[in-house]
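Here is what each chain is made of, one letter per residue.
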Amino acid sequence: MSEKELKMFDVDAQLDAVFGKEGTPERKAAEDRANAFFTGQIIEEARKKANMTQAELAEKIGTKSYISRVETGKTEPKVSTFYRIASALGLNVELTPAM
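Model, not experiment: these values are computed from the prediction.

Conventions we followed
- Residues numbered from 1 in each chain as written.
- Predicted model: local features only at pLDDT ≥ 70, side-chain atom pairs only at ≥ 80, totals over all residues.
- Heavy atoms only, no water.
- pLDDT = per-residue confidence, 0-100.
- Helix = DSSP H or I, 4+ residues; strand = E, 2+ residues; numbered from the N terminus.
- Buried < 20%, exposed > 50% of the residue type's maximum accessible area, 1.4 Å probe, protein only.
- Arc of directions from axis to C-beta.
- 1 Å grid on protein atoms, 1.4 Å probe; cavity = no way out; pocket = protein on both sides within 12 Å on 5 of 7 lines; lining within 4 Å.
- Points joined across faces, edges and corners; volume = space filled by probe spheres on them.
- Nonpolar A, V, L, I, M, F, W, Y, C, P; charged D, E, K, R; others polar.

**Brief notes about the confidence of the model for the protein chain**
So, point 1. When pLDDT is averaged across the protein chain, the result is 89; 95% of the residues are at 70 or more.
So, point 2. In the model of the protein chain, helix α1 (residues 11–19) stands out as the element of lowest mean pLDDT, 90, in contrast to helix α3 (residues 54–61), which has the highest, 93.

Encoded structure:
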């Protein structure tokens, strides 16, 4: 393989350039957005497995258009709302110590 075909780059440097260096407020904000999006994806997948529409889930937890914003990562549910969502989807939330 020639050097042209094998282009390597420093992933950490790329992340720093796009999201800010680790430990900076910019990086923390990017990580928070990523976590909100990931949480939303988990909720969306569970809702679909439960064969439930966003409207049905919203009705079960007593909200209106909130579920769509959570699933797209545009808003993060409060802890109490997160537990209501999990319960409505028949899920358990388990907190375990980090290793």
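**So, helix α5 (residues 79–88)**
So, point 1. Here α5 has its buried residues at Thr-81, Ile-85, Ala-86 and Ala-88. Buried residues of α5, seen end-on, are gathered within an arc of 165° and therefore sit on one face of the element. Across α5 from its buried face, at more than 90 degrees, point the exposed residues Val-79 and Ser-87.
So, point 2. Just downstream of α5, Gly-90 is the residue with a positive phi angle, here 75°.

**Description of the layout of surface pockets**
To find leftover empty space, one rolls a probe the size of a water molecule over the atoms.
So, point 1. The calculated volume of the largest pocket comes to roughly 170 Å³.
So, point 2. Lining the largest pocket are Asn-35, Ala-36, Thr-39, Glu-76, Pro-77, Lys-78, Val-79, Phe-82, Tyr-83, Val-93 and Leu-95.
So, point 3. Elements with a contribution of two residues or more to the lining of the largest pocket: α2 (25–49) and α5.
So, point 4. Residues belonging to the lining of the largest pocket are distributed by class as follows: seven nonpolar, two polar and two charged.

**Structural notes on unusual backbone geometry**
So, point 1. Of note in the backbone geometry, Asn-51 takes a positive phi value of approximately 50° without being a glycine.
So, point 2. In this structure, Asn-51 sits in the loop between α2 and α3.

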